[in-house]
Amino acid sequence: MPLHTFWHRCQTRLRWLGLLACLAAPVAQAQADDVALVRATQPVAVTHTASALPPGWQHGTFMQIYVRGYQDSNGDGIGDLRGLMQRLDYLQWLGVSGLWLMPVTRSQDQDHGYAVTDYRDIDPDVGTLDDFDELIRQAHQRGIGVIIDYVINHSAADHPLFESARSSPRSPYRDWYLWQAEVPAGWSIYGKNPWHADEHGAYFAGFWDQMPDFNLRNPQVLAWHHDNLRFWLNRGVDGFRFDAVGNLVEDGPLAWEGHADNHTIMNGVKRLIEGYDNRFLICEAPGDPVAFARPESCGSAFAFGHNHRVVGAALGDPAAAEKVAAYFVNAPVGLAGFASNHDSFAGQRLWDRVRGHERRYRLAAATYILQQPAPPFVYYGEEFGMAGGAGLGGDHKLRTPMVWDAALPFAGFSSVEAFRGFAANRQTHSVAAQTGNPQSLLHHYRWLIQLRQSHPALQTGRYSQPDIEGWHLSFRREGTDDTVLVAFNYHESASRLHLKGLPANTRIERLGPDYTDTLNTDAQGQLSPVLPGTAFAVYRWPRVPASQRAQP
């Protein structure tokens, strides 16, 4: 055969092979999509309900952790689960009893993680399912629980379910999302129309066009979410933080938030989780945290709004202090305090909010960690005064790499350049710089966390008798065996407290923070200690059984 004939035949065959490959590609992709859908929707039964943690672990203090920004273990500049494992001893030393991990599931956005593409797998940037299982095991060995973010309101646009739903109005998953024939008028959520035109209609996505909302009135969708939750609970996860629960059901352009069905949905989730031993859930509902903290709803929710009052009081605003005192009087016990978190709408990092005034920073921390029966949530880096990211804006400013040691390359976070810039005060505020200083912010947080942990009254005791007098705020936490009173002086100058209604002629233990001693009440049950400016003190005395109390 002549060489030119052989070469021509080879080229012809290659062209045909390429054409066949081109024709086969859609078939192969369709097959892959079918496999992904089958995997994503596989039913999950209950297999393991026992807990490895002691009862009441969830009444301690939680640390909220952005895993991508916590510790890099493999030198790619991104934090991961293996890196977090390396820091569990630090978290145990600090005294936290629970970790809230921001989304670690596969995501489309590959940053905040709330655009989930696979509800039953770990994002490769942060590790594997085996890594997750090992993290759970190691955390439990230290008595630390792990809850994970769960995004129930929406998925990623790249999720196989939505890709099927948008492919055709006849898709079996079309009704898993919200559709209209065309973009309706009259809607505005966060300043924009939440309906987005697509090839076969318009879909609803309240937060971002790449995060379409589920149709949570569809029982199949709820059943699927329940399967996803069981997937993680069976692996030993200790609970969940649920995202955006105030946005689950929409009823028109003027009723897209706060629908009554939201509570029914979340109470069903709560009942499912309660089928497992010793678990915990908490909901994000900035629009109405009190309603979601009630037992007939989530049973626990972040106290949005209260965080601003706590900071205002710490900065010396008497009106804010009055609101802080009154907040928990008639509120559900499931309201959980915090100072800041990963969302800029909740406020900047605490260091930036108090403008670097460390004594007022300590006041804010003591208020929310010691005040409420629900567990407080510390945002990673807050414990040593980490500021927002240098030169960054929006949420990125709040989600920067952890500053472990300013003397090390890349602050001890990684061996290479990090995925994002560091805190503006990285040179002065780090874990290493404060570990050896018992007067540091880090040790202050450790003292507060362990104080709460060591006194049941501060964990589950009833909030009572708040009192405002000038620049002073005090409140009590009443436990079964003792009462703890926390008093604040928000003024710059020292002044005398006037504590009343205490047991008469009783030794009162002062627990700190600066020193421990005992004081004696007078015959009228009064105590008048001097409190330095911008300071607080914690007092404790045993509860007197009702049978032994003097009758009037």
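Bear in mind that the values here come from a model prediction, so they are computed numbers and not experimental data.

Observations regarding the packing of aromatic side chains
Applying the stated criterion across every chain yields a total of 48 aromatic pairs. A network of ring pairs unites the aromatic residues Tyr119, Tyr150, Phe162, Tyr173, Trp176, Tyr177, Trp179, Tyr203, Phe214, Trp224, Phe240 and Phe242 as a single cluster. Geometry around Phe419 places Arg68 over its ring, the cationic atom sitting 5.8 Å from the centre. Just above the ring of Trp179 sits the side chain of Arg174; from NZ or CZ to the centre is 3.6 Å.

Some remarks on empty space enclosed by the protein
Tallied over the full model, the rule gives four cavities of 30 Å³ or more. Here the largest cavity defines a volume of roughly 110 Å³. If you go around the largest cavity, you meet 14 residues; those closest to its centre are Arg68, Pro103, Asp111, Gly113 and Val126. Among the residues forming the lining of the largest cavity, the class breakdown is six nonpolar, five polar and three charged.

With respect to the confidence of the model for the protein
Here the protein averages 94 in pLDDT, and 92% of its residues register 70 or above. Confidence drops under pLDDT 50 across residues 2–6; counting only partners more than four residues distant or on other chains, this segment forms one contact.

A short note on the environment of Gly258
On the secondary structure map, Gly258 appears in the loop between β9 (239–242) and α7 (260–274). In the structure, Gly258 is positioned 50 residues away from Trp208 in sequence and 19 Å away in space, judged by C-alpha atoms.

Brief notes about the pairing of strand β4 (residues 116–122)
Extensive coverage of β4 is indicated by the burial of seven of its seven residues. Sheet topology note: the strand β3 (residues 105–107)/β4 ladder contains three bridges and is antiparallel. Across the sheet, Thr105 pairs through a bridge with Ile122, a residue of β4.

As for the sheet that holds strand β14 (residues 462–469)
One open sheet accounts for six strands, arranged β14-β15-β16-β21-β18-β19; its pairing is antiparallel. The two strands at the open ends of the sheet, each matched to only one other strand, are β14 and β19 (517–520). With strand direction ignored, the average angle separating the axes of adjacent strands in the sheet is 25 degrees. The pairing of strand β15 (residues 472–478) with strand β16 (residues 482–489) spans seven bridges and is antiparallel. Counted as the bridge partner of Phe475 is Val486 from β16.

Parameters and conventions
All chains use their own residue numbering, which begins from 1 and follows the written sequence. Where totals are concerned, whole chains, interfaces and linings use all residues; where local detail is concerned, this predicted model gives features only for residues with pLDDT of at least 70, and gives and counts side-chain atom pairs only at 80 or more. Side-chain descriptors were evaluated using all non-hydrogen atoms of the structure, hydrogens and water having been removed beforehand. The aromatic pairing rule takes the rings of Phe, Tyr and Trp, using the six-membered ring of Trp, and pairs them if the centres are within 6.5 Å, calling planes under 30 degrees apart stacked, those over 60 edge-to-face and the rest tilted. Any Lys NZ or Arg CZ found within 6 Å of a ring centre and within 35 degrees of that ring's normal is scored as a charge over the ring. The distinction between a cavity and a pocket rests on a 1 Å grid over the protein atoms alone: a 1.4 Å probe fits inside a cavity but cannot get out, while a pocket stays open yet meets protein on both sides within 12 Å along at least five of seven lines, and a residue with an atom within 4 Å of a point counts as lining. Grid points are joined across faces, edges and corners, and a volume is the space filled by probe spheres set on the points. Ten residue types, Ala, Val, Leu, Ile, Met, Phe, Trp, Tyr, Cys and Pro, are classed as nonpolar, four, Asp, Glu, Lys and Arg, as charged, and the remainder, Gly among them, as polar. Scored from 0 to 100, pLDDT reflects the predictor's confidence in each residue. Residue contacts are counted whenever heavy atoms from the two residues lie within 4.5 Å of one another. Runs of H or I in DSSP of at least four residues are treated as helices and runs of E of at least two as strands, each being numbered from the N terminus. For the exposure calls, accessible area comes from a 1.4 Å probe over protein chains only, and a residue counts as buried if that area is under 20% of its type's maximum, exposed if over 50%, partly exposed in between. Any two strands between which DSSP finds at least two bridges are classified as paired. A fitted line through C-alpha atoms represents every axis, and for helices the fit uses only the stretch in contact; the resulting angles, taken between N-to-C directions, go from 0 to 180 degrees.

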